[in-house]
Amino acid sequence: MALTVNGQIVPDEQIRHESDRLAVDPRWNGITDEGERARLLCQAAELSAVHQVLLEQQAASDPRPVDSAVISQEIERLKADGRCRPAFDDSHLRRQLEQIFRVDRLKREFVANAAQASEAELETFYAANRDNFRSGEMFHAAHIVRHVNERQLEDQARAAIEAALAELDRGIDFGVVAESYSDCKGNGGDLGRFAAGYMVDEFERAIRSLEPGQRTGVFTTPFGFHIAELRGKWPGGPAEFEDVREDIARVFQAMAEHREYLCQMETLRTRADIRRLPDSASQSAASAHSG
């Protein structure tokens with residue numbers, strides 16, 4: 001049986017699409033009864049499709065215009081990306097984009113009043129879940145690299161990196177040598193801070209045994225020849241509140257916005273005329289709608 005929302009049919013294809021989208025959520029795996037899982041997934045897909053139709057209807061009824069310049073800018077971006085031909089009748093696309101922008105505006109307005117978590121709430125959540133917040137091992141390093149590729153043969157790269165090593169052995173500052181010899185110039189070869197596992201294995205093995213201020217000799221990775229200097233390292237362990245505060249705040253904000261969105265959608269849904277038509281009636285309605 002088909003669904004209608006304020007007289008508008010919700011296409012079966014839209015419900016199937018929502019079902020496919022929702023089904024990837026691993027939480028469905030917690031329902032072991034396949035029949036029950038399918039039934040609940042179908043209900044969720046229908047509700048999601050109804051919400052989409054309600055949003056589109058509400059957005060379309062908003063008398064405020066959408067900035068035509070913004071729509072034109074998006075069309076030009078799509079042309080530049082090759083997603084539509086440079087010369088074509090863009091009237092249909094323009095209408096589609098206007099509806100998308102209207103819906104996006106409505107969604108933003110729905111969640112605009114979502115409450116922000118207080119500092120006390122964030123700290124309380126952190127304290128209750130402290131063991132779940134851990135920071136991994138971190139490094140701070142700089143490097144000099146000579147790539148081996150079609151533009152630089154291995155012998156050339158090796159000669160350049162050995163010349164750089166000789167300069168370092170003479171006491172020349174690492175950053176100065178990096179700017180003179182490295183294929184990755186800029187910022188004196190400084191790579192900044194990075195987590196364990198971020199660099200290729202060969203690089204991490206080379207710096208792991210160093211102490212801050214020490215450097216390696218010449219070593220190789222799949223990219224070529226390197227010299228690295230360790231500038232700092234920090235063991236993994238419990239993360240401090242300030243390190244994870246923004247992450248916690250983002251989660252709290254997302255949850256608050258989701259609750260506000262559902263509340264707004266529930267208001268729209270209770271005011272709407274939502275019906276489930278028998279197959280015969282739905283076929284007639286579909287024919288009339290397409291006509």
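Before any of the text, the structure's been laid out above.
Residues numbered from 1 in each chain as written. Predicted model: local features only at pLDDT ≥ 70, side-chain atom pairs only at ≥ 80, totals over all residues. Heavy atoms only, no water.

Outline the overall build of the protein, supporting the account with residue identities and numerical values.
Counting its secondary structure elements, the protein contains 10 helices and nine strands. The C-alpha atoms of the protein give a radius of gyration of 29 Å, which is well past the 19 Å a tight globule of 291 residues would have. In terms of principal-axis extent, the alpha carbons of the protein reach across some 90 × 60 × 40 Å. Here the protein holds 291 residues, and 33% of them are scored as buried. Long-range contacts, defined here as pairs at least 24 residues apart, represent 69% of the contacts in the protein between residues at least 6 apart. Taken as a whole, the protein presents about 18,200 Å² of accessible surface, with 50% of it coming from carbon and sulfur. In the protein, 36 side chains carry a positive charge and 50 a negative one; their mean positions are 3 Å apart. (Helix = DSSP H or I, 4+ residues; strand = E, 2+ residues; numbered from the N terminus. Rg over C-alpha atoms; globule rule 2.2 N^0.38 Å. Buried < 20%, exposed > 50% of the residue type's maximum accessible area, 1.4 Å probe, protein only. Contact = heavy atoms within 4.5 Å. Areas by Shrake-Rupley, 256 points an atom, 1.4 Å probe, with all protein chains shown as cover. Lys, Arg positive; Asp, Glu negative; His and termini not counted. Charge placed at Lys NZ, Arg CZ, Asp CG, Glu CD.)

Talk me through the environment of Lys-185; I want residue IDs and the actual numbers.
Tracing the sequence through the fold places Lys-185 in the loop between α7 (174–181) and β5 (190–195). Spatially, the C-alpha atoms of Lys-185 and His-143 are 9.9 Å apart, while their sequence positions differ by 42 residues.

Outline helix α2 (residues 34–60), listing residues and values.
Relative to the 39 Å expected for 27 residues at 1.5 Å per residue, α2 spans 39 Å between its end C-alpha atoms, a close match to the ideal helical length. Among the residues of α2, Leu-41, Ala-45, Glu-46, Ser-48, Ala-49, Val-50, His-51, Val-53, Leu-54, Leu-55 and Ala-59 are the ones counted as buried. (Expected span 1.5 Å × (residues − 1).)

Lay out helix α4 (residues 91–110) with the relevant residues and their values.
Between the first and last C-alpha of α4 there are 29 Å, a value that for 20 residues agrees with the 28 Å anticipated at 1.5 Å per step. Here the buried face of α4 lies against α2, α3 (68–80) and α9 (241–271).

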